[in-house]
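These are the residues of each chain, in order.
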Amino acid sequence: MIKAADMLIARRADTRARADFATWKMLAKLNGTSSLPTDAQGFLASYNRLLKQMADAEATEATIGLVYKSYYSEMGGGGTPPEVPSRQSEPSEPGAGNVTAFRRPPARPKNAPTGPSAKQRLPVALIFGCLVVVYVGIRYFWR
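Everything numeric in this text was worked out from a predicted model, so none of it was measured.

### Here's the deal with the overall build of the protein
Right, on to step 1. Regarding its fold elements, the protein presents four helices and zero strands.
Right, on to step 2. Secondary structure elements of the protein, listed N to C terminal, follow the sequence α-α-α-α.
Right, on to step 3. For the protein, buried positions account for 20% of its 143 residues.
Right, on to step 4. Of the contacts made within the protein by residues no fewer than 6 positions apart, 58% connect residues no fewer than 24 positions apart.
Right, on to step 5. Accessible surface for the protein amounts to roughly 12,100 Å². Of this, 59% is attributable to carbon and sulfur atoms.

Structure representation (C-alpha cells):
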C-alpha cells in the first residue's frame, strides 16, 4: 500500500528528474558538461551507454527512471519508489510542438445600457467643478 505522502514525494521526484535531465541533456549538447555536478555527469554517462544499446526515447526514459529513484530516496521516500504515470510526451497535434500561439482576445463591446432606465454618467470634470463650487460657497458664506 502506497501512502499519500510517498506518492507526493514520488510526483515531486519525477517532475524534478525530468526537468533536471532535460537541462543536463541540453548542457551536454552545448558542451557544458564540465559545469555539471558529478552525479549529473554520472547520469549522463549512463545515458550515453544506454543510447548505444537502445533508441533515444527508451534511453531517456531509462535514465529518467534512474534519476527518479535517486531523487525519491534523497527526498525521504520510503521503500521502493512507486510507479508515476508517465506524461504524454508527444504533442497532441502533429507539427504543433510545444509552442502555443497566443492571440489577442476579441474586443468587447462597451456595455452601454439603453432604454428609459439607462443612467447618464456625469463627466469627471463636471463633478470636480461642482465640488469646487460647493467648497467656495461654503468658505464664502461662513466668513
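### Regarding the packing of helix H2 (residues 38–53) against helix H3 (residues 56–74)
Right, on to step 1. For the pair H2 and H3, interaxial distance at closest approach is 9 Å and the crossing angle is 150 degrees. Overall, the two elements H2 and H3 adopt an arrangement that is roughly antiparallel. Relative to H3, H2 is oriented so that their crossing is right-handed. In contact with Phe43, Ser46, Tyr47, Leu50 and Leu51 of H2, H3 contributes Asp56, Ala59, Thr60, Ala62, Thr63, Leu66, Val67 and Ser70.
Right, on to step 2. The class makeup of the residues in the contact of H2 with H3 is eight nonpolar, four polar and one charged.

### Examining the pattern of salt bridges
Right, on to step 1. Counting across every chain of the model gives five salt bridges.
Right, on to step 2. The shortest N-O distance in the salt bridge between Asp14 and Arg18 comes to 3.3 Å. Of this pair, Asp14 and Arg18 both sit in helix H1 (residues 4–29), four residues apart, roughly one helical turn.
Right, on to step 3. The exposure class of Asp14 is buried, given its relative accessible area of 6%.
Right, on to step 4. Across the pair Glu61 and Arg18 runs a salt bridge, and its minimum N-O distance is 3.1 Å. Placement of Glu61 in helix H3 and of Arg18 in helix H1 is noted, with a sequence separation of 43 residues between them.
Right, on to step 5. Several salt bridges share partner residues, and in doing so they unite Asp14, Arg18 and Glu61 into one network.

### Remarks on the packing of aromatic side chains
Right, on to step 1. All told, the structure shown has four aromatic pairs when counted by the stated rule.
Right, on to step 2. A centroid spacing of 6.2 Å and a plane angle of 45 degrees characterise the contact between Tyr68 and Tyr72, whose relative ring orientation is tilted. Here Tyr68 and its partner Tyr72 are both found in helix H3, four residues apart, which amounts to about one turn of the helix.
Right, on to step 3. The class of Tyr68 is buried, set by a relative accessible area of 8%.
Right, on to step 4. Between Tyr140 and Phe141, the ring centres sit 5.3 Å apart and the planes meet at 70 degrees, which makes this aromatic pair edge-to-face.
Right, on to step 5. Phe141 gets classed as exposed once you look at its relative accessible area, which sits at 66%.

### A look at the side chain of Ser46
Right, on to step 1. Take Ser46: it is sitting in helix H2.
Right, on to step 2. Not counting residues within four places of it along the chain, the set of residues in contact with Ser46 comprises Thr63 and Leu66.

### So, a nonpolar patch on the surface
Right, on to step 1. A cluster of nonpolar side chains, contributed by Val134, Ile138, Tyr140, Phe141 and Trp142, occupies part of the molecular surface with about 700 Å² of accessible area.
Right, on to step 2. Within the fold, Phe141 resides in helix H4 (residues 124–141).

### Some details on H3
Right, on to step 1. With 19 residues, H3 should cover 27 Å at 1.5 Å per step; its first-to-last C-alpha distance of 27 Å lies within 8% of that length.
Right, on to step 2. Those residues of H3 not exposed but buried are Ala59, Thr60, Thr63, Ile64, Val67, Tyr68, Tyr71 and Tyr72.
Right, on to step 3. Following H3 by one or two positions, Gly76 has its phi on the positive side, about 100 degrees.

Analysis parameters
Residue numbering note: each chain is counted from 1, following its sequence as written. Where totals are concerned, whole chains, interfaces and linings use all residues; where local detail is concerned, this predicted model gives features only for residues with pLDDT of at least 70, and gives and counts side-chain atom pairs only at 80 or more. By convention in this description, side-chain values take in all heavy atoms of the structure and omit both hydrogens and water. In DSSP terms, a helix is any run of H or I states spanning at least four residues, a strand is any run of E spanning at least two, and both are numbered starting from the N terminus. Three labels apply to residues, based on accessible area from a 1.4 Å probe with only protein chains included: buried if under 20% of the type maximum, exposed if over 50%, partly exposed otherwise in between. Working rule for contacts: check all heavy atoms of both residues, and any pair within 4.5 Å makes them a contact. Values of accessible area rely on a 1.4 Å probe in the Shrake-Rupley scheme; residue burial ignores everything except the protein chains shown. Axes, fitted as lines to C-alpha atoms, cover a helix only where it is in contact. Angles between the N-to-C directions of the axes lie from 0 to 180 degrees. For classification purposes, angles smaller than 35 degrees are called roughly parallel, those larger than 145 roughly antiparallel, those between 65 and 115 roughly perpendicular, and all remaining angles oblique. In a left-handed crossing the near helix is turned counterclockwise from the far helix by less than a right angle, and in a right-handed crossing that turn is clockwise. Residue type decides the class: Asp, Glu, Lys and Arg count as charged, Ala, Val, Leu, Ile, Met, Phe, Trp, Tyr, Cys and Pro as nonpolar, and the leftover types, Gly among them, as polar. A pairing counts as a salt bridge when a side-chain nitrogen of Lys or Arg comes within 4 Å of a carboxyl oxygen of Asp or Glu. Pairing of aromatic side chains here covers Phe, Tyr and the six-membered ring of Trp, requires ring centres within 6.5 Å, and sorts the geometry by plane angle: under 30 degrees stacked, over 60 edge-to-face, intermediate tilted. Here the term patch refers to residues with relative accessible area over 30% and no salt bridge, with like charges joined within 9 Å and nonpolar side chains (Val, Leu, Ile, Met, Phe, Trp, Tyr) within 5 Å. In this analysis, the expected span of each helix is defined as 1.5 Å times one less than the number of residues it contains.

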